[in-house]
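Given next are the chains, with one letter for each unit.
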Amino acid sequence: MAVKDRDRFSTATRLKLLGEQTAARVYRSQTKRQARRSRLTGRAALLALVLCSLIVALAYPIRQYVSQRAEISDQQRQQDQARQRVEQLRDLKARWQDDSYAEQQIRQRLHYVMPGETGYIVIDPDAAKQSRAELGAADRPWYANVWDGVDKSDASDQ
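Right, let's walk through the structure included here. Treat the numbers as computed from the prediction; the structure is a model and nothing was measured. (Residues numbered from 1 in each chain as written. Predicted model: local features only at pLDDT ≥ 70, side-chain atom pairs only at ≥ 80, totals over all residues. Heavy atoms only, no water.)

## Let's talk about the packing of helix 3 (residues 42-97) against helix 4 (residues 99-110)
Across the interface, helix 3 lies against helix 4 with an axial gap of 5 Å and an inter-helix angle of 90 degrees. One finds that helix 3 runs roughly perpendicular with respect to helix 4. Here Leu 92, Arg 95, Trp 96 and Gln 97 of helix 3 come into contact with helix 4, specifically with Asp 99, Tyr 101, Ala 102, Gln 105 and Arg 109. Looking at side-chain class alone, the contact of helix 3 with helix 4 contains 4 nonpolar, 2 polar and 3 charged residues. (Axes fitted to C-alpha atoms, helices over the stretch in contact; angles between N-to-C directions. Helix = DSSP H or I, 4+ residues; strand = E, 2+ residues; numbered from the N terminus. Parallel < 35°, antiparallel > 145°, perpendicular 65-115°, else oblique. Contact = heavy atoms within 4.5 Å. Nonpolar A, V, L, I, M, F, W, Y, C, P; charged D, E, K, R; others polar.)

Below is the structure:
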């Protein structure tokens, strides 16, 4: 045991222990550096660069594709609406080919009467007064607007 204690305090033993500790610290620092360095290698950087280039290169064509698809769907919707309108107009044309429908529309819209009949148009007096009151300045004759302006200015002076 005395040999071990003496060996423990010898300079050679101390230097050897100090060298091992230093080597361990250097090894730990090198592994940390390698761990940090190994996170982003040259291959990973190249791969990231290639991916970014692909994204930039494909962004405009993809945007064009999406906008053209939206335009195509809009044109198809307009085409469907036009087809429906054509069908409505064909139905209306077929109705107007029928003489009884044409006669009914002429009597209703133009107030025509058959020979021997007497036509009457009934006007509600309250509705006529209300329609005159609803007339705006643009719907009335110009001289009525001028006269109303004169009346309003006289009323404001008093």
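Text resumes after the structure shown.
## So, the side chain of Gln 105
For Gln 105, the position within the fold is in helix 4. With sequence-adjacent residues up to four places away left out, Gln 105 is seen in contact with Trp 96 and Leu 110.

## Observations regarding helix 4
Along its 12 residues, helix 4 runs 16 Å from first to last C-alpha, staying within 8% of the 16 Å computed at 1.5 Å per residue. All of the buried residues in helix 4 are Tyr 101, Ala 102 and Gln 105. The buried residues of helix 4 all sit within an arc of 95 degrees when viewed along its axis, so they share a single face. For helix 4, the elements touching its buried residues are helix 3. Directly beyond the C-terminal end of helix 4, a positive phi value near 60 degrees is found at His 111. (Expected span 1.5 Å × (residues − 1). Buried < 20%, exposed > 50% of the residue type's maximum accessible area, 1.4 Å probe, protein only. Arc of directions from axis to C-beta.)

## So, the pattern of salt bridges
Summed over the entire model, instances satisfying the criterion amount to 4 salt bridges. Taking the shortest distance from any N to any O, the salt bridge between Asp 80 and Arg 83 comes out at 3.7 Å. In this pair, Asp 80 and Arg 83 are both assigned in helix 3, 3 residues apart and thus about one turn of the helix distant. Arg 107 is paired through a salt bridge with Glu 117; the nearest N and O atoms lie 2.7 Å apart. Here the residue Arg 107 occupies a position in helix 4, and Glu 117 occupies one in the loop between helix 4 and helix 5 (125-133), the gap between them amounting to 10 residues. Arg 107 gets classed as partly exposed once you look at its relative accessible area, which sits at 31%. Classification of Glu 117 by relative accessible area gives partly exposed; the value is 38%. (Salt bridge = Lys/Arg side-chain N within 4 Å of Asp/Glu carboxyl O.)

Note that every value here comes from positions in space, so none of it alone points to a role or purpose.
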